[in-house]
Amino acid sequence: MHIGKLTTKYIIPIGIFALGALFIIGIKFFVIKVSVDQAGVRTRIWGVTRGIVQKDYGPGWHRAISTIDQWDLYDTTVQTLELAKEPSHLGHDERKEAAIRTADDYDVSADLIVKYQIKKGAAWKLRQDIGVGDRYKIIVENETRDIARSVLGRMVERDLYNPDEKRKRAEEFKIQLTERLAYRHVDVIDVLISELRFDPQLDRKIKN
């Protein structure tokens, strides 16, 4: 009787531990968690029907068997692209701002802020058309720089320090960027031209 009690005493904790271990293994190898600020894209890599599942998976736990499913998670919040000078660990500024050549041949640096977001329900399309990871962010930046050269490049000296002209250009910028990124499954929330810096020659001319 005494031996039976001792056996029961140890078997129950071992059983609980084993169940806990199985639960952890199950979470790690058979399910995936999609957070509230994410969209999950599932690709069937084995089975009768293979390929990207044509829907976004919302927050919660989803099946993720490693030999059958491949998952990619995308940020669904509003994201920010900022093209501006940034201090580097070497102690000097890293030039990330957009380089512009005006219509009257002056070099101008533009600091730009773009707010954008993956279209709702379109993360799987983004994965299908563009690929995994942050490739779409590179496209957003490249399109932003290209439009900056065309929209801001039509400005002339007198436009550069005119607030109304800058707002007008920002609106045109947003329209063009929205059109280009629409088929990339990205929504443009807003575009801000935060600062225009002139080359020293033009800066002196404006001050005079």
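The structure this text deals with has already been given above.
Okay, so let's go over this structure. The structure presented is a predicted model; accordingly, all values stated were derived computationally and were not measured.

Turning our eyes to something else, we now look at the side chain of R127. Note that R127 resides in helix α2 (residues 123-129). Take R127: its relative accessible area is 15%, and that puts it in the buried class.

With that out of the way, let us pick up the pattern of salt bridges. This model, assessed by the stated rule, comprises 18 salt bridges. R101 is the salt-bridge partner of D105, the closest N and O atoms lying 3.8 Å from each other. Its relative accessible area of 51% is what places D105 among the exposed residues. Judged by relative accessible area, R101 falls into the partly exposed class, the value being 44%. Among the ionic pairs, E195 bridges to R197, the shortest N-O distance being 3.5 Å. Using a relative accessible area of 37% as the deciding quantity, one classes E195 as partly exposed.

This paragraph deals with unusual backbone geometry. Even without being a glycine, D105 presents a positive backbone phi close to 65°. The phi angle at H185 is positive, at roughly 70°, despite the residue not being glycine. With respect to the helices and strands, the residue H185 is situated in the loop between α4 (163-182) and β11 (186-198). For H185, a relative accessible area of 11% gives the class buried.

How each quantity is defined
Residues numbered from 1 in each chain as written. Predicted model: local features only at pLDDT ≥ 70, side-chain atom pairs only at ≥ 80, totals over all residues. Heavy atoms only, no water. Helix = DSSP H or I, 4+ residues; strand = E, 2+ residues; numbered from the N terminus. Buried < 20%, exposed > 50% of the residue type's maximum accessible area, 1.4 Å probe, protein only. Salt bridge = Lys/Arg side-chain N within 4 Å of Asp/Glu carboxyl O.

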